[in-house]
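# A structural walkthrough
Given next are the chains, with one letter for each unit.
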Amino acid sequence: AAMRTYGEQRKREFLTAAQSAPRSADTEFVPWELRLRFDVRADTGDFLSVVATGDAYSGGAHGNPLIASFVLHRPSGRVVTMADLFVDAEDGERALGEYARRELIARRGAARPLDDGEQRWLKDGTAPRAENYAVFAIDGDGARSARGIVLIFPPYQVAPYADGVIEVAVPAAQFSSRLKPAFRGAFEKASR
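Reference entry: report on the structure contained in this document. (Residues numbered from 1 in each chain as written. Predicted model: local features only at pLDDT ≥ 70, side-chain atom pairs only at ≥ 80, totals over all residues. Heavy atoms only, no water.)

### Description of the packing of aromatic side chains
What counts, and what does not: Any two rings among Phe, Tyr and Trp, with Trp reduced to its six-membered ring, count as a pair given centres within 6.5 Å; such a pair is stacked if its planes are under 30 degrees apart, edge-to-face if over 60, and tilted if neither. Helix and strand definitions follow DSSP, with helices as H or I runs of at least four residues and strands as E runs of at least two, each counted in order from the N terminus. Relative accessibility under 20% of the residue-type maximum defines a buried residue, over 50% an exposed one, and the middle range a partly exposed one, all with a 1.4 Å probe and only protein chains included.
Applying the stated criterion across every chain, the model contains eight aromatic pairs. For the ring pair Phe86 and Phe175, a centre distance of 6.0 Å and an interplane angle of 80° mean the geometry is edge-to-face. Placement of the pair is Phe86 in the loop between α2 (82-85) and α3 (89-109) and Phe175 in the loop between β7 (166-171) and α5 (181-184), with a sequence separation of 89 residues. Each member of the pair Phe86 and Phe175 is classed as buried. Centre to centre, the rings of Phe175 and Phe187 are 5.4 Å apart; their planes meet at 90°, and the pair counts as edge-to-face. Of this pair, Phe175 sits in the loop between β7 and α5 while Phe187 sits in the segment after α5; the two residues are twelve residues apart in sequence, bridging distant segments of the chain. Comparing Phe175 with Phe187, the two get one shared label, buried. Within the aromatic cluster, the residues linked to one another by ring pairs are Phe47, Phe86, Phe175, Phe183 and Phe187.

Here's what the structure looks like:
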């Protein structure tokens, strides 16, 4: 139901924009297009994790990216957010963000050091705020416990558009002590 609602909302927004767009000789032949796809990213004993990706193109250099995630916690029958997983959402997001920053700095630093603007961009995009962690997937497969969480950063959140969607897999050992008791057993133990 959550995925259907998301898809229908994107469709309504797209059609409303298309119907109200000004018409001119320059824009008459611009092919508007909405693409949206849903992919299962993980299926563990406790979680089913689906990521929606696509774009809405209405002219210009590129389409507007669309990305969302849906994480079903099977035991509760609820679609959970990142904040739902942690005793203190800000503390959990801070731990995830610190790991993500280190990882992304290491990735980029291999080519060249980040300049001051890039460092500020990265710090802001990984700050402990709900909107920075709205898109994520569970890292796991089969009936095993989840290995961790995959943070999914849309274009422009932590890097330029040209870098695309950026993902960082955070091992459970980095955040498991911050999880609510109801979710601790769903992730691999830190000692594994």
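On we go.
### Concerning the pattern of salt bridges
The test is simple: Whenever Lys or Arg places a side-chain nitrogen within 4 Å of a carboxyl oxygen from Asp or Glu, that contact is recorded as a salt bridge.
Inspection of the entire model under this criterion finds 13 salt bridges. With a closest N to O distance of 2.8 Å, Asp124 and Arg129 form a salt bridge. With a shortest N-O distance of 3.1 Å, Arg129 and Glu131 are connected by a salt bridge. For Arg129, a relative accessible area of 30% puts it in the partly exposed group. The structure contains a network of salt bridges with shared partners spanning Asp124, Arg129 and Glu131.

### Re the nonpolar core
A general tendency of soluble globular proteins is for nonpolar side chains to be buried together. Inclusion rule: Here, nonpolar core means buried Ala, Val, Leu, Ile, Met, Phe, Trp, Tyr and Cys residues that are tied together by side-chain atoms lying within 4.5 Å of each other. Any pair of residues with heavy atoms lying within 4.5 Å of one another is described as a contacting pair.
With 31 residues, the main nonpolar core has Phe47, Met82, Leu85, Ile149, Leu151, Phe175 and Phe187 as its most contacted residues. Top element by residues in this core is α3. It accounts for four residues. Setting aside its immediate chain neighbours within four residues, Phe47 contacts Ala42, Val71, Leu72, His73, Arg74, Val80, Leu85, Ile138, Phe183, Ala186 and Phe187. Counting six residues, the second-largest nonpolar core is a separate cluster that includes Val51, Ile67, Ala137 and Val150.

### Quick notes on the sheet that holds strand β5 (residues 136-139)
Applied cut-off: In this description, strands pair whenever DSSP reports at least two bridges between them. Here an angle of 0 to 180 degrees is reported between the N-to-C directions of two axes, which are lines fitted to C-alpha atoms, with helices fitted over the stretch in contact.
With respect to topology, three strands assemble into an open sheet ordered β5-β6-β7, the strand pairing being antiparallel. This sheet does not close on itself; its edge strands, each paired only once, are β5 and β7. Here the strands of the sheet are splayed against their neighbours by 25° on average, with no regard to which way each runs. Relative to strand β6 (residues 148-153), β5 runs antiparallel, the two sharing four bridges. Residue pairing in the sheet places Ala137 in a bridge with Val150 of β6. Where α3 meets the sheet, its contacts fall on β6 and β7, and the angle it forms with β7 comes to roughly 125°.

No statement about biological role is implied by the geometric values presented.
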